[in-house]
Amino acid sequence: MKPLVLSLCAAALLAFYSCNDSVSDKESATASGFSLDSVKAQIAASNALYGRCFANNDSATFLNCYTNDACINPPNADRICGKEGIAAFFRGGYQMGVRDIQLTTEEVIGGKEGVIETGSYELYGDSARLFEKGKFIVLWKEENGKWKMHRDQWSSNAPIAAPK
């Protein structure tokens, strides 16, 4: 009878510890040097900086939010890779009147090799006039100790215009 009781207790303890993700995740994060909470904080800071840079027409600073080999995938346009192309695209947005970008993160998942952020965005012009709402997916990658946008894709929530 004792071996059966000990086996059941051991199985119960094993089940308890294997289901306790917070302990195992924190231990593995410490062991690997990766912390999803730390990455989420870096993403939040980068997103806030991104919006401020647009408001101030400071493309040089927000370009540092992207990896050196970053690509953006704007809606209804070809993929644009490299910081020069990305800067030109966003300068065009500023020239069209975009003055603020509000980014709302909904989910961040991943690990040391890369993190995916999903969320929504709002673009504003002068006098806080709403231009557009949509959603985004960003692949973040660590570069020189900082998490930066590596692939950036978004799409508008506006309905598609009817053909003429």
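Residues numbered from 1 in each chain as written. Predicted model: local features only at pLDDT ≥ 70, side-chain atom pairs only at ≥ 80, totals over all residues. Heavy atoms only, no water.

A short note on the overall build of the chain
Worth spelling out the cut-off: Note on conventions: DSSP H or I runs of at least 4 residues are helices, E runs of at least 2 residues are strands, and numbering of each starts at the N terminus. Any pair of residues with heavy atoms lying within 4.5 Å of one another is described as a contacting pair. What sets the accessible areas is the Shrake-Rupley method with a 1.4 Å probe; for residues, cover comes only from the shown protein chains.
Scanning the chain from terminus to terminus reveals five helices and six strands. Walking the chain from its N terminus toward its C terminus, one meets helices and strands in the order α-α-α-α-β-β-α-β-β-β-β. Residue pairs in contact within the chain that sit at least 24 positions apart in sequence constitute 47% of those at least 6 positions apart. Split by element, the accessible area of the chain, about 10500 Å² in all, is 57% carbon and sulfur.

Thoughts on the environment of Ser156
Selection rule: By the criterion applied in these results, polar contacts are pairs of N or O atoms within 3.5 Å in which, for protein atoms, one can donate a hydrogen and the other can accept it, and in which residues neighboring in sequence qualify only through two side-chain atoms.
Among the structural elements, Ser156 can be located in strand β6 (residues 146–156). Residue contacts for Ser156: discarding those within four places in its chain leaves Tyr121, Glu132, Lys133, Gly134 and Lys135. Here the side chain of Ser156 touches Ala158 through a polar contact of 2.9 Å, landing on its backbone nitrogen.

Let's talk about the sheet that holds β6
So the rule is basically this: By this definition, two strands are paired if DSSP reports at least two bridges between them. Axes, fitted as lines to C-alpha atoms, cover a helix only where it is in contact. Angles between the N-to-C directions of the axes lie from 0 to 180 degrees.
Read across the open sheet, the six strands follow the order β2-β1-β6-β5-β4-β3; overall the sheet is mixed. The open sheet terminates on both sides in strands that have one partner only, identified here as β2 (80–81) and β3 (100–111). Here 10 bridges tie strand β5 (residues 130–143) to β6, and the two strands are oriented antiparallel to one another. Directly across from Trp140, in β6, lies its bridge partner Met149. Where helix α3 (residues 36–55) meets the sheet, it contacts β1 (66–73), β3, β4 (114–124), β5 and β6, and its direction lies at approximately 160° from that of β3. With respect to the sheet, helix α5 (residues 83–95) is in contact with β1, β2 and β6, its orientation differing from that of β1 by roughly 50°.

Topic: the packing of aromatic side chains
For any pair of aromatic rings, geometry is given as the distance between the ring centres together with the angle between the planes. Worth spelling out the cut-off: Two rings from Phe, Tyr or Trp (for Trp, the six-membered ring) form a pair when their centres sit within 6.5 Å of each other. Planes less than 30 degrees apart are called stacked, planes more than 60 degrees apart edge-to-face, and all others tilted. Only protein chains enter the area calculation, which uses a 1.4 Å probe; residues under 20% of their type maximum are buried, those over 50% are exposed, and those in between are partly exposed. Either the NZ atom of lysine or the CZ atom of arginine qualifies as a charge over a ring when it sits within 6 Å of the ring centre and within 35 degrees of the ring normal.
A full pass over the atoms with the stated rule returns 10 aromatic pairs. Judged by centre distance (6.0 Å) and plane angle (85°), the rings of Tyr50 and Phe90 are edge-to-face. Of this pair, Tyr50 sits in helix α3 while Phe90 is found in helix α5, placing the two residues 40 residues apart along the sequence. Across the pair, Phe90 and Tyr50 agree in class, each one buried. Here a set of aromatic residues connected by ring pairs shows up, and it is made of Tyr50, Phe54, Phe62, Tyr66, Phe89, Phe90 and Trp154. Stacked on the ring of Tyr94, the Lys or Arg Arg99 has its end atom at 3.7 Å from the ring centre.

What to know about the pattern of salt bridges
Spelled out, the test is: Whenever a carboxyl oxygen of Asp or Glu lies within 4 Å of a side-chain nitrogen of Lys or Arg, that contact is scored as a salt bridge.
Evaluation of the coordinates by the stated rule reveals five salt bridges. When the shortest N-O distance is used, the salt bridge between Arg99 and Asp126 registers 3.8 Å. A residue pair is termed long-range when its members are at least 10 positions apart, and Arg99 in the loop between α5 and β3 and Asp126 in the loop between β4 and β5 qualify at 27 residues. On the basis of relative accessible area, Asp126 is assigned to the exposed category, the value being 53%. Of the charged contacts in the structure, one is a salt bridge between Glu143 and Lys148, with a shortest N-O distance of 3.7 Å. Lys148 matches Glu143 in its accessibility class, with the two residues each being buried.

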